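An overview of the molecular structure
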Amino acid sequence: MNDYPHLKLPFKVEGVIKLQQGRWGRETNELTLNNRGENRKYHGEYLGTSANSIVSNWDRKRNKLKESGVSIPNENDIPVFLKIDTKAFDIDSLVHWGIEVISEEEEGYIIGASLDKLKSFQEKVNQFLEQKGKYKDTAAKIWELITDDSWRITQLLKGELGTIWENINDENEYTVQLGVSCYVPNRKNYPNRNSFSSEGEFQLKVNEFKEHERSLLIERDLKQIRREEEIGKYAEIYSGEIIEIWDNEVDAIYFKIQISGKGLKDLVLTYQYLYEVKLDAIFLGESDALGEETDLTLKVLAPDENTTKVCVIDSGIQENHRLIEPAIDKINSRSYIDDDLSTADYVKQSGHGTKVAGAILFPYGIPKEGELKLETIIQNARILDKNCQIPLDKFEPNLMEQIVADFSGTKIFNLSVSEERAYKGTHMPALAASLDKISYEKDILFIIATGNLYHQSNSLSQPGIVEHFQLGNEYPIYLHEPESKIANPGISYFSLTVGSIAVGEYEDDDYISVANNMHVSPFSRTGHGMWGNLKPDVVEFGGNLVKNKNSEEVTIKEEVCPELVNSTLHGAKATGRDSYGTSFSTPKVSYIASKLMTEHPGKSANMYRALIVQSAKLPEHCFHSPTQADFKYYGYGIPNVDRALSNSNSRITFIQEGRVGPKKADIYRLKIPEEIRGEGKEYRVLVEVTLSFTAKTRLTRKGSHSYLSSWLEWQSSKYNESFNSFRNRTIEYLDENNGEGIDDGVNAIKWVIRENPAWTDNKINRNNSTVQKSWTFIEPHQFTDEFSLAVIGHFGWDKSLESDIPYALCVSFEVLDIKMDLYNILAEAQIELETEQEIEF
């Protein structure tokens, strides 16, 4: 029995503010002001001339294709590429200029398509030149209109495709992924209750808003059908084939298509609704050496029937391996390799999925003798073939949706498979986006690897560790290179992404460990994630490497590698310490998730994610003053199964699940008794807070809060601040601020990670992530009799005030420096709080 269970947060009120609409930032950019002022004539003529040039160039291109016998879809829609003042110009308002926004790119650039040959655009430019009409000044905010089409290559081509573009052979077949926009923006705002004299009038407008939203869904579905027909037309013209389609059901469709080089070129240069094109990705596990001989007499017992199931999405599993067989859910094992229905792990020499499954069952090593009852049920979803790759005829987003549907009832999925390259794109890629979509819709937790650097590589564009040393790039400096960043799908916003640390060190006459004990592994890909999102979330032991003292040789030693279960199908021994990788740090975290679900059944995936992150601590060498580099290496740190599951007499954790929408807040209060607060007490209290949430997502915009339909943040009371003061301040914050934070000066609690990166030396923005943790040390004299927290909702791209999103919140207090029964003191103090009705402000 758990003597120190997590407790529910005891007190909550709900705050709802009066919505103010139609507020938009003032023009403050000097270029915009100059365009509107002394440069008006020059700027207007520049835009008009550029528009005419674009129309002429498009007509020539279209006619040339017609002369060759090719009639492209939407021949009157013209691709455009422009730059705007993002602080003053709402990009969705381009619809009034006859331009459909395809995607938002870096530095204010927009990919769009003119639906009327830029006639509406020219009309607005004329109003600007004449200083007449509703749009007399708006063109000042459109800074550039690009006339040549070279941007199609630089903006649309992603990854390796951009480097080989000049060598594309017209006759060769290429398998590519196409990101195609089909977004229908909502230009209407949710009605403001204060604008109506009666509740009846207000509800009538609410119903009109909902009907408008339904009409947009229908319009979006029709647009999707048209886009599929249009890509089908290209496939037909160039004898190509659409292999699969994945739809995010909001703003984008991804196509996996096989097409000739000539067709690929024409598609990239002419199809108006593309926002990215890349070669079909290669997703890998790691290959391994032979295992070492072991002498095992361990007796392994099956887990209880009600134990949590973890689905291992990998290369298959050697299910009859005596160390893991009792834990395998054999009835539900599946292979997703069309020409090979076996679910075994054939990866040479010692498997991959088998090692992953073993690391879930034996996260802290494999006992050599005795008896051990396993604590997780393993499910087997084989997606990697014998070469440890996903077959080319599979489209990963659809594959993930199929697996989750097939393993209905399973909440935790381990994915130790990633792309072979760092992800460098502007938009969330299809696989990571599909994981986010599933996580939100199905309440699923994916635990995924950051990916690994190659040990050694022949590619100049992605050097291995050996090449870095040969080039003079020392550890850990090379982990800051763009090529060392996290791979897809590790950048998924709602998944728990796991990197690797080294445990233990090695040195002999010839070799020495690359990484010191509890430092980042030399192969572990590092953060940040997309748009400043903090990734990896956590790290675990995945191994280390050793380097020759007299050369650039890098190799492995069993003393610094994790002990893993091997597949013996190719002659390997039952276990070995000869493999390394984030593939094997990841399942150690899946083990913690499975334990949480077994002991706390019925909780949301958000809660399991929050508790794992809440349990994590940075390594001691950087815990007290972490730098930005430390967060890139370790995320929130190393999770601890005991801290995730329970507490101690010196530590207490309060947990809460809820839902909150934009412009609303859930506000919590905890009572701090006299035994803990006051002058003359010589100790510190470590306070940790973690918020985890999910939301609907879209892909054609960039930035954390443009990706999410709504987003949340947490705020705390200040030192010595009463609950009423904090509540009133929270409502004022909602009214006046959109998540940029308010620095409350010397009285603000000095959290290690804050909501504004300018307020800390580490420059991390807490609000850019969907699992937001921070911690601080509070002295007794800084407490008042209450400690308060608010979970605050903000608009993303969804206009509806009724679109609340789920969250999980954890708050922990841990006394340091002295012995104190903090758990019972705080637990008993909360009983005194009377239950109150939810209040609307």
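See the structure printed just above.
Rules of the game
- Residues numbered from 1 in each chain as written.
- Predicted model: local features only at pLDDT ≥ 70, side-chain atom pairs only at ≥ 80, totals over all residues.
- Heavy atoms only, no water.
- Axes fitted to C-alpha atoms, helices over the stretch in contact; angles between N-to-C directions.
- Helix = DSSP H or I, 4+ residues; strand = E, 2+ residues; numbered from the N terminus.
- Parallel < 35°, antiparallel > 145°, perpendicular 65-115°, else oblique.
- Left-handed = near helix turned anticlockwise from the far one by under 90°.
- Contact = heavy atoms within 4.5 Å.
- 1 Å grid on protein atoms, 1.4 Å probe; cavity = no way out; pocket = protein on both sides within 12 Å on 5 of 7 lines; lining within 4 Å.
- Points joined across faces, edges and corners; volume = space filled by probe spheres on them.
- Nonpolar A, V, L, I, M, F, W, Y, C, P; charged D, E, K, R; others polar.
- Patch = residues over 30% accessible without salt bridge, like charges linked within 9 Å, V, L, I, M, F, W, Y side chains within 5 Å.
- Areas by Shrake-Rupley, 256 points an atom, 1.4 Å probe, with all protein chains shown as cover.
- Salt bridge = Lys/Arg side-chain N within 4 Å of Asp/Glu carboxyl O.
- Lys, Arg positive; Asp, Glu negative; His and termini not counted.
- Charge placed at Lys NZ, Arg CZ, Asp CG, Glu CD.
- Buried < 20%, exposed > 50% of the residue type's maximum accessible area, 1.4 Å probe, protein only.
- Arc of directions from axis to C-beta.
- Pairing = 2+ DSSP bridges.
- Core = buried A, V, L, I, M, F, W, Y, C linked by side-chain atoms within 4.5 Å.
- Phe/Tyr/Trp six-rings, centres within 6.5 Å; stacked < 30°, edge-to-face > 60°.

Some points on the packing of helix α2 (residues 40-67) against helix α3 (residues 119-130)
Close contact between α2 and α3 brings their axes to 9 Å; oriented N to C, the two are set at 165 degrees. Taken as axis vectors, α2 and α3 run roughly antiparallel relative to one another. When you trace α2 past α3, the crossing you get is left-handed. In this structure, α2 contributes Arg40, Lys41, His43, Gly44, Glu45, Leu47, Gly48, Ala51 and Asn52 to the contact, and α3 contributes Phe121, Gln122, Val125, Phe128 and Leu129.

Observations concerning empty space enclosed by the protein
For the coordinates displayed, the defined rule picks out four cavities of 30 Å³ or more. In terms of lining, the second largest cavity is formed by Ser717, Lys718, Tyr719, Asn720, Glu721, Ile749, Ile778, Gln782, Phe783, Thr784, Glu786 and Phe787. For the lining of the second largest cavity, the per-class residue count stands at five nonpolar, four polar and three charged.

A look at the packing of helix α8 (residues 353-361) against helix α12 (residues 582-599)
At their nearest, the axes of α8 and α12 sit 7 Å apart, and the two run at 40 degrees to each other. For the element pair α8 and α12, the recorded crossing hand is right-handed. Contacts from Lys355, Val356, Ala359 and Ile360 in α8 reach Ser583, Phe584, Pro587, Lys588, Ser590 and Tyr591 in α12. Considered class by class, the residues forming the contact of α8 with α12 number six nonpolar, two polar and two charged.

Describing a negative patch on the surface
A cluster of acidic side chains, namely Glu674, Glu675, Asp785, Asp821 and Glu828, defines a negative patch on the protein surface. Tracing the backbone through its elements, the reader meets Glu675 in the loop between β29 (664-671) and β30 (684-693). For Glu675, a relative accessible area of 48% puts it in the partly exposed group.

Side note on helix α18 (residues 822-831)
Considered for burial, the residues of α18 that qualify are Leu822, Tyr823, Leu826, Ala827, Ala829 and Gln830. For α18, the arc enclosing every buried residue in end-on projection is 160 degrees, short of the 170-degree limit, so these residues lie on one face. Opposite its buried face, α18 presents the exposed residues Glu828 and Ile831, each directed more than 90 degrees away. On its buried face, α18 sits against β1 (7-8), β28 (651-660), β29 and β34 (805-816).

Details of the environment of Gln349
Looking at the element boundaries, Gln349 is found in the loop between β15 (334-335) and α8. Residue Gln349 is classed as partly exposed on the basis of its relative accessible area of 30%.

Digging into the sheet that holds strand β18 (residues 412-415)
The seven strands are arranged β15-β17-β14-β18-β20-β21-β23 in an open sheet whose pairing can be described as parallel. Strand pairing shows two members of the sheet lacking a second neighbour, β15 and β23 (538-541), which therefore form its edges. Note: strand β21 (residues 496-501) against β23, four bridges, orientation parallel. Pairing of Ser500 across the sheet is with Glu540, part of β23. Seen against the sheet, α8 touches β14 (309-314), β17 (377-382) and β18 and runs at an angle of roughly 155 degrees to β14.

Observations concerning the nonpolar core
In terms of nonpolar packing, the biggest core is built from 116 residues, with Phe121, Leu178, Leu264, Met428, Phe787 and Phe813 touching the most fellow members. For Phe121, the contacting residues outside a window of four places in its chain are Leu47, Ala51, Trp97, Ile99, Ile142 and Leu145. Residues Val310, Ala357, Ala593 and Ala644 belong to the second largest nonpolar core, which totals 81 residues.

A word on the packing of aromatic side chains
Describing an aromatic ring pair means giving the distance of the ring centres and the angle of the ring planes. Enumeration over the complete set of coordinates arrives at 26 aromatic pairs. Where Tyr493 meets Trp531, the ring centres are 5.7 Å apart and the plane angle is 65 degrees; that geometry is what we call edge-to-face. On the criterion of sequence distance, the pair formed by Tyr493 in the loop between α11 (465-470) and β21 and Trp531 in the loop between β22 (511-513) and β23 is long-range, its members being 38 residues apart. Residue classification places Tyr493 among the buried residues on the basis of a relative accessible area of 1%. Overall, Trp531 belongs to the buried group, its relative accessible area being 17%. Ring geometry for Tyr633 and Tyr634: centres 5.7 Å apart, planes at 85 degrees, overall edge-to-face. Here Tyr633 and Tyr634 have matching classes, each one buried.

Observations concerning the pattern of salt bridges
Within this structure, the stated rule accounts for 46 salt bridges. Glu199 is the partner of Arg193 in a salt bridge, and the nearest nitrogen-oxygen pair spans 2.9 Å. The class for Arg193 is partly exposed, based on a relative accessible area of 31%. Note that Lys437 and Glu441 form a salt bridge whose closest N and O atoms lie 3.3 Å from each other. With Lys437 and Glu441 both in helix α10 (residues 430-442) and four residues apart, this pair spans about one turn of that helix. On the accessibility criterion, Lys437 (11% relative accessible area) is buried. Judged by its relative accessible area of 45%, Glu441 is partly exposed. Salt bridges here are not isolated pairs; linked through shared partners, they connect Glu100, Lys223, Arg227 and Glu230.

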